[in-house]
Amino acid sequence: MAINPDALFAHDFAAPTQSYGPRDAILYALGLGLGHDPVDQADLAFLNETRLRVLPTFAVTLTTPGMWIRDSRFGVDFGKLVHFEQMAWFPNPLPPSADVTGEARVISLTDRGEGKGAVLVLERTIRDAASGATCCTLRQTLLLRSDGGFGGPPAPRTPSVIPHREADAWTDVSTSPRSALIYRLSGDWNPLHIAPETARRAGFDKPILHGLASYGMAGLAVSRALGQDPAAITELGCRFSGIVTPGETLTFHVWKTETGASFRAFSETRKLLDEGRIAWRKS
C-alpha cells in the first residue's frame, strides 16, 4: 500500500489530557541519568520532591499520541520509520504537578524521491489545562525510509547551525546500561528498547536507547558544560545521526553562539547527535 498523504494531513489527534505529579518528573530525571552521584546537590534539585525543580524537556513526554502512525490506512512502512529530528520550545517553566492538554497535527510531508524516503513533521502543543499557558511547542521529524517517490514536494535544504571552528567546550556523559529500562517508564513503550528479539529483528545487537532520552541528556550536558541552568532551557533541538546503546559514553562538542549554543555528540568517532541547538531563559 502506498503512503496516503491526505489521510496523514486529515488525521484527528483529538485533544488528549494528562495529569502528572512529582513522581513522574523525578522518574524522567532518573531516566536521563541524574542521581548517579546520590549526594550531588545539582542533581538532587530535580529528584527531591520537597523542593522539586522540573526539567523543561519533561514536557515532550506529555500527552504523546503514541504509535499513531502504525495505522494501516496511512500506508507508512512503520518498520522503516526513523525519528530523525526533534525541536522544542519551552516558553514557561513546568510546575511540579499539573493537568495538561495536547494538540497535534501533521504540518508537512516532503518527498526525497524513490528509494530515499519521505519526511514528515508532526507539531504538538502542550498547555496547562487550568491556565491555558503553553508549556511546550515541539516539532518531531520522522524519516519514512520506504515511502519516498509519492510525488510530494521536495524536502527543503537548511544550512548547518554548527560553526566552522574548534568547539568552545567538551563534556562526556556516561549512560547507564539500565537507561532505556528507566526512560521507557516515562511513556515510550516501544519494545525496541527492552526486547532483545525485537532489537535483533531491527538489525541491532541489543535494545537501543530512546532518541528522546539522548535529547534530554543533551539539554543537561550542554547546559552544565557552559555553566547554564538546565531548568532555564527555552529551546532545544537536534538531529539523531546514530544509534545510542545503553552503557555508551557520549562526548559533546559545544559551540557558543549569539543566541545560546550549538552542539554535536559522538561515541568515539561515531556521530550520534548533530545540528544541535539550545537557548536559555535570561535571568
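Our structure is the block above this text.
Described below are features of the structure shown in this document.

Backbone hydrogen bonds are what pair the strands of a sheet, in a parallel or an antiparallel way. Taken together, 10 strands build an open sheet; the order of strands is 1-3-4-5-2-7-10-9-8-6 and the sheet is antiparallel. Of all the strands in the sheet, just strand 1 (17-20) and strand 6 (169-174) have a single pairing partner and so form its edges. Recorded for the sheet is a direction-independent mean angle of 25 degrees between the axes of neighbouring strands. Bridge count for strand 7 (residues 233-240) against strand 10 (residues 270-280) is 6 bridges, and the pairing is antiparallel. Considered in strand 10, the bridge of Ile233 is made with Trp280. Helix 6 (residues 211-225) rests against strand 2 (81-89), strand 6, strand 7, strand 8 (249-256), strand 9 (261-267) and strand 10 of the sheet, and its axis sits at about 125 degrees to strand 7.

In this structure, Thr63 takes a positive phi of about 50 degrees despite not being glycine. Positive phi, normally seen in glycine, also occurs at Glu268, with a value near 55 degrees. Looking at where Glu268 falls in the secondary structure, it is placed in the loop between strand 9 and strand 10. By relative accessible area, Glu268 is classed as exposed at 77%.

This paragraph deals with the nonpolar core. Within soluble globular proteins, side chains that are nonpolar generally end up buried alongside one another. With 56 residues, the main nonpolar core has Phe90, Tyr215, Phe252 and Phe263 as its most contacted residues. With 8 residues, the top contributor of residues to this core is helix 6. Once residues within four sequence positions are removed from consideration, Phe90 is found in contact with Pro56, Thr57, Ala59, Val60, Cys135, Cys136, Tyr215, Ile233, Thr234, Glu235, Leu236 and Arg281.

Our focus in this paragraph is the pairing of strand 7. Most of strand 7 sits inside the fold, with 7 of its 8 residues counted as buried. Here 5 bridges tie strand 2 to strand 7, and the two strands are oriented antiparallel to one another. When the sheet's bridge partners are listed, Ala88 is paired in strand 7 with Leu236.

Right, let's get into the packing of aromatic side chains. A complete count under the given rule lists 6 aromatic pairs for this structure. With a centroid separation of 5.6 Å and an interplanar angle of 50 degrees, the aromatic rings of Tyr28 and Phe58 are classed as tilted. In this pair, Tyr28 sits in helix 2 (residues 22-31) while Phe58 sits in the loop between helix 3 (41-44) and strand 2, placing the two residues 30 residues apart along the sequence. Accessibility assignment for this pair places Tyr28 and Phe58 in one class, buried. Ring pairs connect the aromatic residues Tyr20, Tyr28, Phe58 and Tyr183, which therefore count as one cluster.

Thresholds, definitions, all that
- Residues numbered from 1 in each chain as written.
- Predicted model: local features only at pLDDT ≥ 70, side-chain atom pairs only at ≥ 80, totals over all residues.
- Heavy atoms only, no water.
- Pairing = 2+ DSSP bridges.
- Helix = DSSP H or I, 4+ residues; strand = E, 2+ residues; numbered from the N terminus.
- Axes fitted to C-alpha atoms, helices over the stretch in contact; angles between N-to-C directions.
- Contact = heavy atoms within 4.5 Å.
- Buried < 20%, exposed > 50% of the residue type's maximum accessible area, 1.4 Å probe, protein only.
- Core = buried A, V, L, I, M, F, W, Y, C linked by side-chain atoms within 4.5 Å.
- Phe/Tyr/Trp six-rings, centres within 6.5 Å; stacked < 30°, edge-to-face > 60°.

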